[in-house]
Amino acid sequence: KPQSKYPMLVQLEHDSALDIPPGDKDFIVTDEFKASMDMNVLSIYPHAHYLAKVMEAYATLPDGTKKWLVEIKDWDLNWQGVFRYRKPVFLPKDSVVTMRYHYDNSDANPRNPNSPPKRVTGGNTAGFEMSHLWLQVLPTAEGDQRAALQESLVTQKLSKHPDDFIANFDMGDLLLNKSKAGEAIEYFERAAKSDPASVLAASELGVALYTSGQLSKAEQQFRHALEIDRSYTDARFNLASVEASEGKWESSSDGFKQVLAEKPDYAKASQRLGQVLTLWGDQLAKSGKDPEAIAKYQEAVPMLADNVDLRIRLGMAFARQERLAESQAEFEAVLQLKPDLKLAQEAIAAIRKRRAETGK
């Protein structure tokens, strides 16, 4: 059956607040999100490391009622896992979900890995701490509500943490998907500023600039992304695309060839390379350089084997050079692709007549 339900993960976290002094028995970290629509909570996954002691998550409903989602009074990292509700927990619109974690960084915590205790900050490995809470939610409204819910979550995150990398990146991505590239630029700029080493942020900023028509800035940005990571093929592909839009045929074709050297099965890069070579050939043909144009068209044929217009261009270029047998072969190839094309039929008839006259 077609998909009819669209659950998604909602994450609460406040790792940036984790800076737990040695000896602190009750260091508290919180985060909240407000439900922008009616939804059911299907499962919950609280996560922290060794210093966490009490893990609480609850919802405050619009009428002030408090509804517990999970309460762990003696957290043990070895027992972490996803808890699926026997019956989904309904949260009406405007309910506020609160994550409240208590950390014990004293000698009294038997799970404290440090003796004596030492300062602990946020981080992904076990020597650091984390304050994450994931909820799997299912909006009650019909259809796919994930994009609207994600936008609400990101907006709330940015209101609390304007410089947060993930929130800025996600907002930029949402705006790009809504064809609002110009608005996305500032968010990708903030994400790139927040993490200058992120090739993904640098590259997506380039995409937003490119999509909004700022070609020179986009080219500069993709080059910057490749300075961060020379192996990031997507940035190389996008740089070649920008160069094609600027009419820089040689550097663009070189870029796509390098992409294909890195990813030989990248069909889109192969297609783009064929298109660039065709446009390069067109420019050469308009300048009266048919031999050079023919070379570019021929190079493009393996990548655009079913492209009728390319074979017509090649056939006409051959004809202008009086290479009649090759011209006829191209128009016959056109008829193989499109048997009823009158232009090709008339071209072949004209070529045969010319060959009879010239003996070629």
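See the structure printed just above.
Residues numbered from 1 in each chain as written. Predicted model: local features only at pLDDT ≥ 70, side-chain atom pairs only at ≥ 80, totals over all residues. Heavy atoms only, no water.

Engineer: For this particular structure, what's the right way to read the overall build of the protein?
Structural biologist: Each helix and strand counted, the protein has 12 helices and 10 strands in total. Taking 2.2 N^0.38 as the reference for a compact globule, 360 residues should give roughly 21 Å; the C-alpha atoms of the protein span a radius of gyration of 30 Å, well beyond that estimate. Each of the three principal axes of the protein carries a C-alpha extent, and together these read 100 × 45 × 35 Å. Within the protein, the proportion of its 360 residues that are buried is 46%. For the protein, the exposed surface amounts to about 18,800 Å²; the carbon and sulfur share of it is 50%. Positive and negative side-chain charges of the protein, numbering 46 and 52 respectively, have mean locations separated by a distance of 4 Å. (Helix = DSSP H or I, 4+ residues; strand = E, 2+ residues; numbered from the N terminus. Rg over C-alpha atoms; globule rule 2.2 N^0.38 Å. Buried < 20%, exposed > 50% of the residue type's maximum accessible area, 1.4 Å probe, protein only. Areas by Shrake-Rupley, 256 points an atom, 1.4 Å probe, with all protein chains shown as cover. Lys, Arg positive; Asp, Glu negative; His and termini not counted. Charge placed at Lys NZ, Arg CZ, Asp CG, Glu CD.)

Engineer: I would appreciate a short explanation of the side chain of Q221 in the present structure.
Structural biologist: Following the sequence through the fold, Q221 ends up in helix α5 (residues 215-228). On the accessibility criterion, Q221 (14% relative accessible area) is buried. Apart from residues no more than four positions distant in its own chain, Q221 is found in contact with A202, L205, G206 and L209. (Contact = heavy atoms within 4.5 Å.)

Engineer: I keep staring at the sheet that holds strand β10 (residues 132-139) and nothing clicks. Help me out?
Structural biologist: Spatial strand order, β1-β10-β4-β7: four strands in an open sheet with antiparallel pairing. At either end of the open sheet lies a strand with only one pairing partner, and these are β1 (8-13) and β7 (83-91). Put simply, the sheet's adjacent strands are angled 30 degrees from each other on average, direction ignored. Relative to β7, strand β4 (residues 39-47) runs antiparallel, the two sharing five bridges. Bridge pairing in β7 places V41 opposite V89. Against the sheet, helix α1 (residues 146-160) engages β1, β4 and β10, with an angle of about 5 degrees to β1. (Pairing = 2+ DSSP bridges. Axes fitted to C-alpha atoms, helices over the stretch in contact; angles between N-to-C directions.)

Engineer: So what exactly am I meant to see when it comes to empty space enclosed by the protein here?
Structural biologist: The method is simple in principle: a probe with the dimensions of a water molecule rolls over the atoms, and the space it marks as empty is what remains. This structure, assessed with the given rule, holds one cavity of 30 Å³ or more. Considering only enclosed or pocket space, the largest cavity measures out at about 40 Å³ in volume. Residue lining of the largest cavity: H49, Y50, L51, P113, N114, V120, A126, G127, F128 and E129, and that is the complete set. (1 Å grid on protein atoms, 1.4 Å probe; cavity = no way out; pocket = protein on both sides within 12 Å on 5 of 7 lines; lining within 4 Å. Points joined across faces, edges and corners; volume = space filled by probe spheres on them.)

Engineer: What is the right way to read the pattern of salt bridges from this model?
Structural biologist: Two side chains of opposite charge can pair, provided their charged atoms sit close to one another. Under the defined criterion, the tally for this structure stands at 23 salt bridges. The closest approach of N and O atoms between R146 and D144, which form a salt bridge, is 2.7 Å. The class of R146 is partly exposed, set by a relative accessible area of 32%. A salt bridge links K178 to E151, with the nearest nitrogen and oxygen atoms 3.2 Å apart. A residue pair is termed long-range when its members are at least 10 positions apart, and K178 in the loop between α2 (165-177) and α3 (181-194) and E151 in helix α1 qualify at 27 residues. With relative accessibility at 39%, the residue K178 sits in the partly exposed group. (Salt bridge = Lys/Arg side-chain N within 4 Å of Asp/Glu carboxyl O.)

In short, shape yes, function no, at least from these values alone.
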